[in-house]
Amino acid sequence: MAALKYAGMDDTDSDDELPPGWEERSTKDGWVYYANHEEMKTQWEHPKTGKKKRCAGDLPYGWEQETDEKGQTVYVDHINKRRTYFDPRQAFTVEDVVVKPKRYDGNTAALEILQGRDLSDKVVVITGGNSGIGFETARSFALHGARVILACRNLTRASKAIGLIQQEWHKARVEAMMCNLASLRSVREFAESFKAKNLPLHILVCNAAVCTQPWTLTEDGLESTFQICHLGHFLLVQCLQEVLRRSAPARVVVVSSESHRFTDLLDSSGKVDLALLSPPRKEYWSMLAYNRAKLCNILFSNELHRRLSPRGVTSNAVHPGNMMYTSIHRSWWLMTFLFTLARPFTKSMLSWQLQMRTAHAGLWKANLILIKM
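Residues numbered from 1 in each chain as written. Predicted model: local features only at pLDDT ≥ 70, side-chain atom pairs only at ≥ 80, totals over all residues. Heavy atoms only, no water.

**Student:** Looking at this structure, I do not really get the pattern of salt bridges. What am I missing?
**Tutor:** For side chains of opposite charge, pairing can occur when their charged atoms come near one another. Summed over all chains, the structure comprises 15 salt bridges. A salt bridge links Glu 175 to Lys 197; the nearest nitrogen and oxygen atoms lie 3.1 Å apart. In this pair, Glu 175 is assigned in strand E9 (residues 173-178) and Lys 197 in the loop between helix H5 (184-196) and strand E10 (203-206), connecting sequence segments 22 residues apart. Classification of Lys 197 as partly exposed rests on a relative accessible area of 33%. Among the ionic pairs, Glu 242 bridges to Arg 245, the shortest N-O distance being 2.9 Å. Taken together, the residues span about one helical turn, with Glu 242 and Arg 245 both in helix H6 (residues 224-246) at a distance of 3 residues. (Salt bridge = Lys/Arg side-chain N within 4 Å of Asp/Glu carboxyl O. Helix = DSSP H or I, 4+ residues; strand = E, 2+ residues; numbered from the N terminus. Buried < 20%, exposed > 50% of the residue type's maximum accessible area, 1.4 Å probe, protein only.)

**Student:** What am I meant to see in the sheet that holds E10 here?
**Tutor:** Adjacent strands of a sheet form backbone hydrogen bonds with each other and so pair up, either parallel or antiparallel. Strand order in the open sheet formed by 6 strands is E9-E8-E7-E10-E11-E12, with parallel pairing between adjacent strands. Single-partner strands in this sheet number two, and they are E9 and strand E12 (313-318). The sheet shows a mean angle of 15° between the axes of neighbouring strands, taken without regard to direction. The pairing of strand E7 (residues 123-127) with E10 spans 3 bridges and is classified as parallel. (Pairing = 2+ DSSP bridges. Axes fitted to C-alpha atoms, helices over the stretch in contact; angles between N-to-C directions.)

**Student:** I'm lost on the side chain of Ser 315 in this one. Help?
**Tutor:** Mapped onto the fold, Ser 315 is located in strand E12. Exposure remark for Ser 315: the relative accessible area of 6% places this residue in the buried category. Within the local environment of Ser 315, its side chain forms a polar contact with the side chain of Ser 301, the two groups lying 2.9 Å apart. Contact partners of Ser 315, with chain neighbours within four places excluded, come to Val 252, Val 254, Ser 301, Leu 304 and His 305. (Polar contact = N/O pair within 3.5 Å; in protein donor to acceptor, adjacent residues only side chain to side chain. Contact = heavy atoms within 4.5 Å.)

**Student:** In this structure, what is going on with the environment of Glu 39? I would like to understand it.
**Tutor:** Topologically, Glu 39 is positioned in the loop between strand E2 (32-36) and strand E3 (41-43). Sequence separation of Glu 39 and Gly 21 is 18 residues, and the distance between their C-alpha atoms is 8.8 Å. Reaching out from Glu 39, the side chain makes a polar contact with the side chain of Lys 41 at a distance of 3.3 Å.

**Student:** Looking at this structure, how should I read the packing of aromatic side chains?
**Tutor:** The description of an aromatic ring pair rests on the distance of the ring centres and on the angle between the ring planes. For the coordinates displayed, the defined rule picks out 3 aromatic pairs. Both rings, one in Tyr 33 and one in Trp 44, keep their centres 6.1 Å apart while their planes meet at 75°; by these two values the pair is edge-to-face. Separated by 11 residues along the polypeptide, Tyr 33 in strand E2 and Trp 44 in the loop between E3 and strand E4 (63-67) bring together distant segments of the chain. For Trp 44, a relative accessible area of 43% corresponds to the partly exposed category. (Phe/Tyr/Trp six-rings, centres within 6.5 Å; stacked < 30°, edge-to-face > 60°.)

**Student:** Even after reading the chapter, I still don't get the packing of helix H3 (residues 132-143) against helix H4 (residues 155-168), so can you show me in this structure?
**Tutor:** Packed helices, taken two at a time, are described by their axes: the angle between them and the distance between them. At a minimum axis distance of 10 Å, the contact between H3 and H4 shows a crossing angle of 35°. Both H3 and H4 take part in a crossing whose hand is right-handed. Between H3 and H4, the residues in contact are Phe 135, Ala 138, Arg 139, Ala 142 and Leu 143 and Ala 161, Leu 164, Ile 165 and Glu 168, respectively. Across the contact of H3 with H4, the residue classes tally to 7 nonpolar, no polar and 2 charged. (Left-handed = near helix turned anticlockwise from the far one by under 90°. Nonpolar A, V, L, I, M, F, W, Y, C, P; charged D, E, K, R; others polar.)

**Student:** Even after reading the chapter, I still don't get the sheet that holds strand E1 (residues 22-26), so can you show me in this structure?
**Tutor:** Ordered by their spatial adjacency, 3 strands build an open sheet running E1-E2-E3, and the pairing between neighbours is antiparallel. Of all strands in the sheet, those bounded by a partner on one side alone are E1 and E3. Neighbour to neighbour, the strand axes of the sheet diverge by 30° on average, direction disregarded. By the bridge criterion, 3 bridges tie E2 to E3 in an arrangement that is antiparallel. Directly across from Asn 36, in E3, lies its bridge partner Lys 41.

**Student:** Even after reading the chapter, I still don't get H4, so can you show me in this structure?
**Tutor:** One turn of the α-helix equals 3.6 residues, which is why residues spaced by three or four share an orientation. Between the first and last C-alpha of H4 there are 20 Å, a value that for 14 residues agrees with the 20 Å anticipated at 1.5 Å per step. If you check which residues of H4 are buried, you get Ala 158, Ala 161, Ile 162 and Ile 165. One face of H4 carries all of its buried residues, which in axial projection span an arc of 100°. Residues Thr 156, Arg 157, Lys 160 and Gln 167 are exposed on H4 and point more than 90 degrees away from its buried face. The residue sitting at the N-terminus of H4 and contributing the capping side-chain oxygen is Asn 154; that oxygen lies 3.1 Å from the backbone nitrogen of Thr 156. (Expected span 1.5 Å × (residues − 1). Arc of directions from axis to C-beta.)

**Student:** Explain the pairing of E10 to me, please; I cannot follow it from the model alone.
**Tutor:** Burial of the side chains of E10 extends over both faces: Ile 203 and Val 205 are buried on one face and Leu 204 and Cys 206 on the other. Sheet topology places E10 next to strand E11 (residues 250-255); 4 bridges connect them, and they run parallel. Bridge assignment links Ile 203 to a residue of E11, and that residue is Arg 251. Handedness of the crossover is the feature at issue here: the chain leaves E10, passes through H6, returns alongside E11, and the resulting connection is right-handed. (Right-handed = clockwise from strand over helix to strand, strands pointing away.)

In structure tokens:
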């Protein structure tokens, strides 16, 4: 302590507090260094503790690192519209931070999940990204730097969605491309147009869906709920499979639903029944068609993961939660109520897993047959 007193470093309240004339700065890659303005020198070690520090994690949400006209690093806070030469991460250096596991629940927003992530080197494709869950997903990826492509059938709505995202951050990289899942021709055209851009594909989110729709056939002669919710996505992944492999590590996310529990795809002999996938009008019930399509999503995702994960492409099916307000249909409150009543009567996990193993290969073959029709 005598040496510190002699050096003029004992007049601070804590070991971490800098003595007069010193300033804490950081490099572009987050290493902290110390500048002594009186002696005009810099050093890596803290002048009192002798320890080195490094900023923890990425910049907070809304912040961006830029370079001013003098070549100095400046930090821009887009949310509060201000600039500073002080790295906001210096408040949380690795020496000070106690890393705690994050806990997420039903109230967690997508932006919170991606907090601190830098996705500027990622390319993301999202079907149905102009509204609902797809829009929030696209917004979250774009605001964290990813290049996001909205694969939508309505380009006018997609343009409005892009405008909303870029209002939040003018540098957000979002674009829209035509992709109508009710047309296998349109899906193939989208895939070819995307591949013509010579971009990688790190994340493919199969999100688009319809529900409680009246019975209609697509231009391919298939029931529309089944084709839009499932078969169109199956074809899309098949068309982009090589791009995903070249972009590894990559992932496919298939948005399914809890309602997959309330149906079956197998006939009495235990084989996938094609008539259940695309039923005629007299055997059609909109809710059951949706449930079957969501079950197809899960079976497809599981089989896709088995086939592609050895090559660095993972696939996951997700249940987004019983959302009360999305544009998929207008009676979600009724579905939530029915789920609550019916849950005790759903199949056990053991019997469910056995049936899923039986259906994986059968559904994959059925899909291949249908997209070649």
